[in-house]
Amino acid sequence: MALPTKKVYIRTFGCQMNVADSEVMAQVLADDYVLTERAEEADLYLINTCAIRRKSEEKVRSLLGSLKVWKKRRPQLVLGVGGCVAQQEGERLLAAAPHLDLIFGTQGIYRLPELVRRAWMGARPVDVELAPCFPPLPRRQWLGAPLQALVTIMQGCNNFCTFCVVPYVRGREMSREPGVILTEASAFLAAGGKEITLLGQNVNSYGRGLPESVTFPQLLRRVAALPGLNRLRFATSHPRDLSPDLRLAFAELPPLCEHLHLPVQSGANRILQAMNRGYTREEYLEKVAWLRQACPGIALSTDLIVGFPGETDSDFAQTLDLMREAAFDQAFSFKYSPRPQTRAAGFPDQLPEEVKAERLTRLQSLQDELTIKAHRGLLGQVREVLVEGLSRRSPDQLCGRLRTNQVVNFPGPREWIGSLMLLQITEAHPHSLQGRPLEVPLTSQPLADRLPASPKELSC
Ligand code: SAM
Ligand code: SF4
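Rules and cut-offs
Residues numbered from 1 in each chain as written. Chains lettered and ligands numbered in written order. Predicted model: local features only at pLDDT ≥ 70, side-chain atom pairs only at ≥ 80, totals over all residues. Heavy atoms only, no water. Helix = DSSP H or I, 4+ residues; strand = E, 2+ residues; numbered from the N terminus. Expected span 1.5 Å × (residues − 1). Bend = angle between axes of the 7 residues up to and from the residue. Buried < 20%, exposed > 50% of the residue type's maximum accessible area, 1.4 Å probe, protein only. Contact = heavy atoms within 4.5 Å. Pairing = 2+ DSSP bridges. Axes fitted to C-alpha atoms, helices over the stretch in contact; angles between N-to-C directions. Phe/Tyr/Trp six-rings, centres within 6.5 Å; stacked < 30°, edge-to-face > 60°. Parallel < 35°, antiparallel > 145°, perpendicular 65-115°, else oblique. Left-handed = near helix turned anticlockwise from the far one by under 90°. Nonpolar A, V, L, I, M, F, W, Y, C, P; charged D, E, K, R; others polar. Core = buried A, V, L, I, M, F, W, Y, C linked by side-chain atoms within 4.5 Å. Near = heavy atom within 4 Å. Polar contact = N/O pair within 3.5 Å; in protein donor to acceptor, adjacent residues only side chain to side chain. Areas by Shrake-Rupley, 256 points an atom, 1.4 Å probe, with all protein chains shown as cover. pLDDT = per-residue confidence, 0-100. Salt bridge = Lys/Arg side-chain N within 4 Å of Asp/Glu carboxyl O.

Peer 1: Sorry if this is basic, but what is going on with helix H2 (residues 54-73) here?
Peer 2: The periodicity of an α-helix, 3.6 residues per turn, causes residues three or four places apart in sequence to face the same way. Between its first and last C-alpha, H2 extends 30 Å over 20 residues, near the 28 Å set by a 1.5 Å rise per residue. Within H2, the axis deviates most sharply at Leu67, by approximately 30°. The complete set of buried residues in H2 reads Ser56, Glu57, Val60, Leu63, Leu64, Leu67 and Lys71. Buried-residue contacts for H2 involve strand E1 (6-12), strand E3 (44-49), strand E4 (78-83), helix H3 (84-89) and helix H4 (91-96).

Peer 1: Just to check I follow, could you spell out the sheet that holds strand E17 (residues 407-411) for this structure?
Peer 2: Neighbouring strands of a sheet are bound in pairs by backbone hydrogen bonds; such pairs are parallel or else antiparallel. Taking strand neighbours around the barrel as the criterion, the 5 strands line up as E15-E16-E17-E19-E18 in a closed arrangement whose pairing is mixed. On average, each strand axis in the sheet is inclined to that of its neighbour by 50°, with strand direction left out of account. As paired strands, strand E15 (residues 382-390) and strand E18 (residues 420-428) are joined by 5 bridges and run antiparallel to one another. Its bridge partner being in E18, Val385 is matched across the sheet by Met421.

Peer 1: What am I meant to see in the sheet that holds strand E5 (residues 102-104) here?
Peer 2: Spatial ordering of the open sheet is given by E2-E1-E3-E4-E5-E6, a layout of 6 strands whose pairing is parallel. Of all the strands in the sheet, just strand E2 (33-35) and strand E6 (126-127) have a single pairing partner and so form its edges. Pairing geometry for E1 and E2, over 3 bridges, is parallel. Bridge pairing in E2 links Lys7 to Val34. Across the face of the sheet, H2 comes into contact with E1, E3 and E4 while running at roughly 170° to E3.

Peer 1: For this particular structure, what's the right way to read the packing of aromatic side chains?
Peer 2: Two numbers describe a pair of aromatic rings. These are the distance of the centres and the angle of the planes. The final tally for this structure, using the stated rule, is 9 aromatic pairs. When the ring of Phe216 is compared with that of Phe234, the centres are 5.0 Å apart and the planes differ by 75°; the resulting orientation is edge-to-face. Taken together, the residues Phe216 in helix H8 (residues 216-224) and Phe234 in strand E11 (residues 231-235) connect sequence positions 18 residues apart. Among the residues examined, Phe216 registers a relative accessible area of 0% and is labelled buried. Residues Phe308 and Phe347 carry aromatic rings whose centres are separated by 6.1 Å and whose planes lie at 85° to one another, so their mutual orientation is edge-to-face.

Peer 1: I tried to follow the packing of helix H12 (residues 313-326) against helix H13 (residues 353-376) on my own but got confused; where do I start?
Peer 2: Pairs of packed helices are described in terms of their axes, by the angle between the two and the distance that separates them. Running from N to C, H12 and H13 point in directions that differ by 15°, and their axes come no closer than 10 Å. Accordingly, the angle class assigned to the pair H12 and H13 is roughly parallel. In terms of crossing hand, the pair formed by H12 and H13 is right-handed. Of the residues in H13, those in contact with Asp313, Phe316, Thr319, Leu320, Met323 and Arg324 of H12 are Arg359, Arg362, Leu363, Leu366, Gln367 and Leu370. Residues of the contact of H12 with H13, tallied by class, amount to 6 nonpolar, 2 polar and 4 charged.

Peer 1: Is there a simple way to think about the nonpolar core in this case?
Peer 2: Side chains of nonpolar character tend, in soluble globular proteins, to be buried together. Leu198, Phe216, Leu220 and Phe234 are the most contacted members of the largest nonpolar core, which totals 56 residues. For Phe216, the residues in contact, after removing those within four places along its chain, are Ile153, Leu198, Val203, Asn204, Tyr206, Phe234 and Leu246. One finds Ala39, Leu63, Leu67 and Val165 within the second-largest nonpolar core, a separate group that totals 25 residues.

Peer 1: Can you walk me through the environment of Ala149 in this structure?
Peer 2: Tracing the sequence through the fold places Ala149 in strand E7 (residues 148-152). By relative accessible area, Ala149 is classed as buried at 3%. The spacing of Ala149 and Ala185 is 36 residues in sequence and 8.2 Å in space, taken between C-alpha atoms.

Peer 1: So what exactly am I meant to see when it comes to the site of ligand 1 here?
Peer 2: Close contacts around ligand 1 come from 15 residues, with Phe163, Gln201, Gln265, Asp303 and Ser337 the closest. Between ligand 1 and Ser337 there is a distance of 2.7 Å, counted from a nitrogen atom to a backbone nitrogen or oxygen. Contact with the protein chains covers 91% of the free accessible surface of ligand 1, which is 570 Å². Of all the secondary-structure elements, those providing two or more residues to the shell around ligand 1 are strand E13 (299-306) and strand E14 (330-335). Of the residues contributing to the shell around ligand 1, the split by class is 6 nonpolar, 4 polar and 5 charged.

Peer 1: Looking at this structure, I do not really get the pairing of E4. What am I missing?
Peer 2: It is a general feature of regular strands that their side chains alternate between the two faces of the sheet. In terms of burial, E4 is largely enclosed, as 6 of its 6 residues are buried. Bridge analysis of E3 against E4 gives 6 bridges, and the strand direction is parallel. From the neighbouring strand, Tyr45 faces E4, where its bridge partner is Leu79. As paired strands, E4 and E5 are joined by 3 bridges and run parallel to one another. Residue pairing in the sheet places Gly82 in a bridge with Phe104 of E5.

Peer 1: Help me understand the confidence of the model for the chain in this model?
Peer 2: Caution applies to low-pLDDT regions: their predicted coordinates should not be interpreted in detail. Taken residue by residue, the chain gives an average pLDDT of 91. The fraction at 70 or more is 92%. The low-confidence segment residues 444-460 (pLDDT under 50) makes 45 contacts with residues lying over four places distant or belonging to another chain.

Peer 1: Looking at this model, I keep getting lost on the pattern of salt bridges. Mind explaining?
Peer 2: Two side chains that carry opposite charge are able to pair once their charged atoms sit near each other. Counted according to the given criterion, the structure contains 29 salt bridges. Here Arg359 makes a salt bridge to Glu311, at a shortest N to O gap of 2.9 Å. Placement of Arg359 in helix H13 and of Glu311 in the loop between E13 and H12 is noted, with a sequence separation of 48 residues between them. Note that Glu358 and Arg362 form a salt bridge whose closest N and O atoms lie 3.7 Å from each other. On the criterion of helical spacing, the pair formed by Glu358 and Arg362 is a turn pair, its members being 4 residues apart in helix H13. One network of salt bridges, with partners in common, ties together Glu57, Arg61, Glu89, Arg92 and Arg339.

See the structure below:
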């Protein structure tokens, strides 16, 4: 079969789920297009969008605006917008941007080849049909260097947290068959992969609706048993559905990394209730305590929203208090952003931007204190690192990640990229650590010769 001559450039906004979707997009188009990292040489330019906050949506609109001139200069370029904003806006986006050739929603990615063919013929197709589905076959092809893979295990969400647009733009929850997940994961490991992250909006409810009875901890056990797997992670775990079985998995499965992302959102019970999160602060903290008991040294990260409608000073103080008690290693924090269709957007007592901004600053400076404290606790320790790429801080340093998810920079040759090795932690910084290699890599198969042409994608 002749190799494709046309090129596709994909610009991805948003979460790991979107990164995984962009990989699927490249794969379904692979018969006709090769992926390029240079937007200016693309025949097809796709934007994979995020609608979670207004700011993410604005970034997409501003990029779209700047591409107007491009399209004028190169009218043969096919320009498409996909993902969550496309799902939310549909035809409206096409009307607002006459230079756009194609709109595809969160499920349209699987129908891309046909949609792109129609766009080439000038049809300006819009596909926002929302019936969650997966590609018919497991992925067997990995983009770039086969080091870390994102494997989608479920789509959509049934939780309807009152602030969140995900159930509206990604549809109802649907789990992927375990056999397909295992085939995909095995193919990745056979290609030399080392770390797998299983993805879903609420992985703890994995398995509901599947013909075979299987829970998330059971799936984890099956993936963890695959030969060649060094590291296993997952995201995201909803605190309400975190089961004792999952706690045991942390204690029992060697590849499962000692890190859990457990978004709490708020530390005040009345706000958690208004958010429809389904747990109290006491239940959350109890789960944190039994996780730490089952897996001493586990690192915890979280998501927090400040300025949810009706949040008082005292509610906010309870969030700060919970952060101290849970001693989070890392937190992703956001100002509440009202989203279309969500219930909270219609709640009374929306807070002014200045209040949200002031609370966000206070919360982030507390988290900085907690993070540096956790980093200092690692000083002098010897830890395993997976060497991910070149350091952003200095081009003659490498960077990698501990099993507990902290980024470490250290000196070493490029040939070590892709290896597992031991480091001693020598310095603690607010967002990273510095390390000293104690040995040559534990694994003998360096990744350097298999790196993509540009190392850009592999720096942390
Ligand atoms: N499924 C995950 C969970 O339940 O925790 C969260 C997925 S969401 C893509 C990632 C994070 O974005 C959320 O945990 C929340 O903190 C934040 N987020 C979602 N909607 C938001 C909104 N309307 N305003 C501000 N932050 C929001
Ligand atoms: Fe959104 Fe809640 Fe579903 Fe997470 S669990 S994706 S926050 S609705």
